[in-house]
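Overview (structure and organization)
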Amino acid sequence: MPSLLGPFVRAALLVLWLVFAGFTCTGSEHTATATLPAAFSDLLPHFQVEPEDEYIVKNKPVTLTCRSSPATQIYFKCNSEWVHQDDHLIERTVDPATAQPVMQVTIEITRQQVEKIFGLDEYWCQCVAWSTTGTQKSQKAYIRIAYLRKNFEEEPQGKEAALDQEVLLRCHPPEGVPQAEVEWQRNEDVIDPASDPNFFITADHNLVIKKARLADTGNYTCVAKNIVARRKSASATVLVYVNGGWSTWTTWSSCSAVCGRGWQKRSRSCTNPTPLNGGTSCEGQNVQKSACMATCPDGGWSEWSKWSTCGADCSMWRTRECTQPSPGTGGKDCQGLDLQSLNCTSEQCPQTVSGAEDVALYVGMVAVALCLTLLLIVVVLVYRRKKEGLDADVADSSILTTGFQPMGIKPSKPGVWAPRPRRPPPHSKNSHLLTIQPDLTTTTTSYQGTLRSRHDTAGKFSMTNGPLLDPLPNGSHTLHNGKLNADPAEFVSRLSTQTYFKTLPRDVANTSYGTFNFLGGRLTIPNTGISLLIPPEAIPRGKIYEIYLTVQRKEDLRLPLAGCQTLLSSVVSCGPPGVVLSRPVILSMDHCSDACLDNWAIRLKKQNYEGAWEDVLLMGEELVSEPYYCQLEAETCRLLSEQLGTFALVGESLHMGAAKRLRLVLFSDAYCSTLEYNIRVYCMDDTQDVFKEVMQMERQLGGRLIDEPHVLLFKDSYHNLRLSIHDMPQAHWRSKLLAGYQEIPFYHIWNGSQRYLHCTFTLERLSLGTCELTCQLCVWQVEGEGQSFSLDFNIAKDTRAVDSEFLLMDSNATALAGPSAFQIPYLIRQKICSSLDAPCPNGADWRMLAQRLKLERHMSFFASKASPTSVILDLWEAQHFHSGNINQLATVMADIGKQEAMIFLVSDGEC
């Protein structure tokens, strides 16, 4: 019976305890003290809920909770100090499972409480519960202020990786409490190593790409986050490139010759795999040629012809020819007779009567023969006379012995004036007969006039785009191999009406033209670095061409550029296309690359008749059998071409070390009457053509040059170009720009399609009396090289004209014809060629000349020409027209050991 009443008694006592406790709490609900019923007085407190670690986010307080059963009182102790009882919130309940009383106490901790112990131990709180039997302490709960710093301790860096290569991207997240979790993103998409096992994230948060794939190319970002904030690192670009590989060789082509010696070739392509994303191209040649010998057929007889009628000698005949097939070179001729005869029968044989009729027949045949002979003699005389009219002056020794003496003219008809040496001749009434009017509707013209002598001893005559000059005072005349138009605009207009030339720009200022024969000459566009050298014998004898040279504007002629390609030169046209050349002409044009072929794949592009662009040459892999060959110098490209047309240099960077040369030029307003003052900074390709165009444009705008041009190497690093201005006297000047710098996008500069990229800095002076401006202008590529301009000038007094020093530097003639266009006289040139072309056992031949002139890289090209020495001299002429010293070339000849060098040392008067 007592055992059955026990639970009921305990429950009744608990109810009474709760009622008692409720009355005791009437005065204050925060009192944590109570008296346990006797039934629970022998039990120690047991914690059902203990306080846990918490983080304070910003200024939001945290709540700590402690629950114990059974307990008479519960208090919190924080950092060894008791929390005031008024700060406790108490709740009492009964555990339905055990019927034991439960006490729960909560407190709030603020950010200010935690910050009070800054620099000491961490802030902690602990719960202490009492019962009549004893006390119990809970675990310590640490309260920390949560944060996440902005800057990563280590950010991922961009990398270039070959296909299938392992890539490691490092990331050390910002310091934070609690410690930040890290995830990786590729192009803003979260990377999940579970779904893509090619990715692996290490314990120290680094990302590993086990085998780089093309799809792994992208921008990678390290993301750190905790309960406070989320931080993203700067993007790191991973570029997965593919190095090119050769495909297998194709089968050999059939022999080019049907009979005898010929050529056959095979090719391969760099497509196994194709280079991508800046991967290296294949090394070696893509075409192989091999000599072949085609078997020549033996001759075979055709069918016999029909028998002829019976002749007076009572015989008839028939023939056959050795044409089925004809014997080739090395093939055997047909065996047997090609003519058969047969006696006629008496009935078929005609009766012949000798007498007066036979005599008349023989007399007629003799008369016809005499007429034919006289006609042939007349034709030969006429042909020789025309031939002499064209080449008489060429044969004159005065034009072959020196480039400094006038050439005599032998009149081909009465009334034509011919100058005599050292005597001023009278003016001829028929001087207009000395010129011709070429017809541009055909590519070649026949010469119908007489050549005049080329220049006098006073200096070289410029074949300008103007009217013909009067005879010089000493009686010498300049060489005009044809009549030039008086109006250059009329020439360009006439040229543009033809079918192929309708796309040519009608820009007279950037066009040069002249009329040339086999003596050659030179065309130059002033202040552009562009010229065309036409060597002697390049135009076949008997031909006269009117040749032009012009610069195409890039905005008028768009080149298809892809990937990392960039335009490195001006687009230059020379023509007319299709003319027949006996040897290569040399086209010189500026380029803006760093001239390091290890960094570039530079291609020569040519526009075909349909207007499409074709790759005709890869620099460094020229084939001597092709009609194009290039020499790349530090700032100039020399194109040796057997065809005229429209050309441009296009470069493709092989890696980020490739750089273009930019020319930085500063202009300002020539006159300033307001408080505002503008400084314009041009960033252009470092070629004379673009510089000339900008100078002309600024002259029209009334600008002035305020500093000498500077050169900046702009690398293929995908980084933009930044410009900023600093160190202005704040008491007198201020900048009106809102940002600290201006920026030109990378691709606007790299593709080269925009010619006049510039930034304008607008400054404001605080007083109209302020004229002195000193500042520092900085131009740099992000994570690359830069230039700094120190400016110090007077905006009111410094009035240097735009073109006073830098424009119109080239005052040479736009066109020179004949020997006046060359440094080396014609006869001396011929003697040098005949002396050095023949191989010499000790090497004292054209090969040593190429080495001394630092042209040994082109030995195979020179060796493929009929006269290697002449091509070497052509290159020397193209390089040294403005600055060439013929005595230096004589010294080289003397070093080689050739006596012909002494010819160079003859003075002008002695020549």
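Report on the accompanying structure. (Residues numbered from 1 in each chain as written. Predicted model: local features only at pLDDT ≥ 70, side-chain atom pairs only at ≥ 80, totals over all residues. Heavy atoms only, no water.)

This structure, assessed with the given rule, holds 27 salt bridges. As a salt-bridge pair, E188 and K232 come within 3.0 Å of each other at their nearest N and O atoms. One end of the pair, E188, is in the loop between β14 (181-186) and β15 (189-190); the other, K232, is in strand β19 (residues 230-232), and 44 residues separate them in sequence. Take K232: its relative accessible area is 42%, and that puts it in the partly exposed class. (Salt bridge = Lys/Arg side-chain N within 4 Å of Asp/Glu carboxyl O. Helix = DSSP H or I, 4+ residues; strand = E, 2+ residues; numbered from the N terminus. Buried < 20%, exposed > 50% of the residue type's maximum accessible area, 1.4 Å probe, protein only.)

Before going further, it helps to spend a moment on the sheet that holds strand β17 (residues 207-209). One open sheet accounts for three strands, arranged β12-β17-β16; its pairing is antiparallel. One side of each edge strand has no neighbouring strand; the edge strands of this open sheet are β12 (167-169) and β16 (199-201). Ignoring strand direction, the axes of neighbouring strands in this sheet form an average angle of 20°. Here β12 runs beside β17; their pairing, made up of three bridges, is antiparallel. Note that in β17 the partner of L169 across the bridge is L207. (Pairing = 2+ DSSP bridges. Axes fitted to C-alpha atoms, helices over the stretch in contact; angles between N-to-C directions.)

Most of strand β32 (residues 585-590) is tucked away, with six of its six residues classed as buried. Direction of pairing for strand β28 (residues 530-534) relative to β32: antiparallel, over a ladder of three bridges. Directly across from L532, in β32, lies its bridge partner L587. Pairing geometry for β32 and strand β36 (residues 636-641), over six bridges, is antiparallel. Residue pairing across strands places S588 opposite R638, the latter belonging to β36.

Looking now at the nonpolar core. Core analysis: the biggest nonpolar cluster contains 68 residues, and L532, I547, L549, L604, I679, L721 and L773 have the highest contact counts within it. Residues from two domains meet in this core; each of domain 4 (520-653) and domain 5 (659-806) gives at least three. If we ignore the near neighbours within four places in the chain, the residues touching L773 are Y677, I679, W733, L763, L791, D792, F793 and I795. The next biggest cluster of nonpolar side chains, apart from the first, holds 34 residues, and it includes L640, I832, F861 and L889. (Core = buried A, V, L, I, M, F, W, Y, C linked by side-chain atoms within 4.5 Å. Domains from an automatic or database assignment. Contact = heavy atoms within 4.5 Å.)

Take unusual backbone geometry next. Residue P178 is reached from V177 by a cis peptide bond, and omega for that bond is -5°. In this structure, P325 follows Q324 across a cis peptide bond, with omega equal to -5°. As for its position among the elements, P325 is in the loop between β23 (315-319) and β24 (339-343). Positive phi, normally seen in glycine, also occurs at N277, with a value near 55°. Along the chain, N277 falls in the loop between β21 (260-267) and β22 (287-294).

In this structure the tally under the stated criterion is twelve aromatic pairs. Between Y677 and W733, the aromatic rings sit 6.2 Å apart at their centres with planes inclined by 65°, giving edge-to-face as the arrangement. One end of the pair, Y677, is in strand β39 (residues 676-685); the other, W733, is in strand β43 (residues 733-735), and 56 residues separate them in sequence. We classify W733 as buried; its relative accessible area is 0%. With a centroid separation of 5.6 Å and an interplanar angle of 15°, the aromatic rings of F746 and W750 are classed as stacked. Of the two residues, F746 and W750 both sit in helix α7 (residues 746-750), four residues apart, roughly one turn of that helix. (Phe/Tyr/Trp six-rings, centres within 6.5 Å; stacked < 30°, edge-to-face > 60°.)

Turning to a nonpolar patch on the surface, a few remarks are in order. On the surface, L163, L214 and L276 cluster together to form a nonpolar patch covering roughly 230 Å² of accessible area. Judged by relative accessible area, L214 falls into the partly exposed class, the value being 40%. (Patch = residues over 30% accessible without salt bridge, like charges linked within 9 Å, V, L, I, M, F, W, Y side chains within 5 Å. Areas by Shrake-Rupley, 256 points an atom, 1.4 Å probe, with all protein chains shown as cover.)

This model, assessed by the stated rule, comprises seven disulfides. The disulfide that involves C171 links it to C222, with 1.9 Å between the sulfurs. For the disulfide bridge between C171 and C222, the dihedral angle about the S-S bond is near -75°, and by the sign convention the bridge is left-handed. With C171 in the loop between β12 and β13 (176-177) and C222 in strand β18 (residues 218-225), this residue pair connects regions lying 51 residues apart in the sequence. Side by side, C171 and C222 carry an identical accessibility label, which is buried. Here C255 engages in a disulfide with C292; their sulfurs sit 1.9 Å apart. (Disulfide = S-S within 2.5 Å.)

Right, let's talk about helix α6 (residues 688-701) for a bit. For α6, with 14 residues, the first-to-last C-alpha span of 20 Å sits near the 20 Å given by 1.5 Å per residue. The set of residues buried in α6 consists of D689, V690, F691, K692, E693, V694, M695 and E698. Looking at the packing, one finds that the buried side of α6 touches β27 (521-525), β29 (543-552), β38 (659-669), β39 and β40 (703-705). Positive backbone phi, at 80°, marks G702, one or two positions downstream of α6. (Expected span 1.5 Å × (residues − 1).)

Taken together, six strands build an open sheet; the order of strands is β35-β36-β32-β28-β27-β48 and the sheet is antiparallel. Because the sheet does not close on itself, it has two edges, and the strands there are β35 (628-632) and β48 (815-817). In this sheet, adjacent strand axes meet at a mean angle of 10° when their direction is disregarded. Helix α11 (residues 868-879) contacts β27, β28, β32, β35 and β36 of the sheet and is inclined by roughly 145° relative to β36.

Examined against the element boundaries, T274 turns out to sit in the loop between β21 and β22. Look at T274 and you get partly exposed, because its relative accessible area is 38%. Placed 32 residues apart in sequence, T274 and V242 show a C-alpha to C-alpha distance of 7.2 Å. Apart from the residues lying within four places of it in its own chain, the contact partners of T274 are V242 and G244.

Secondary-structure assignment places D874 in helix α11. Once residues within four sequence positions are removed from consideration, D874 is found in contact with L533, P535, R583, I586 and R829.

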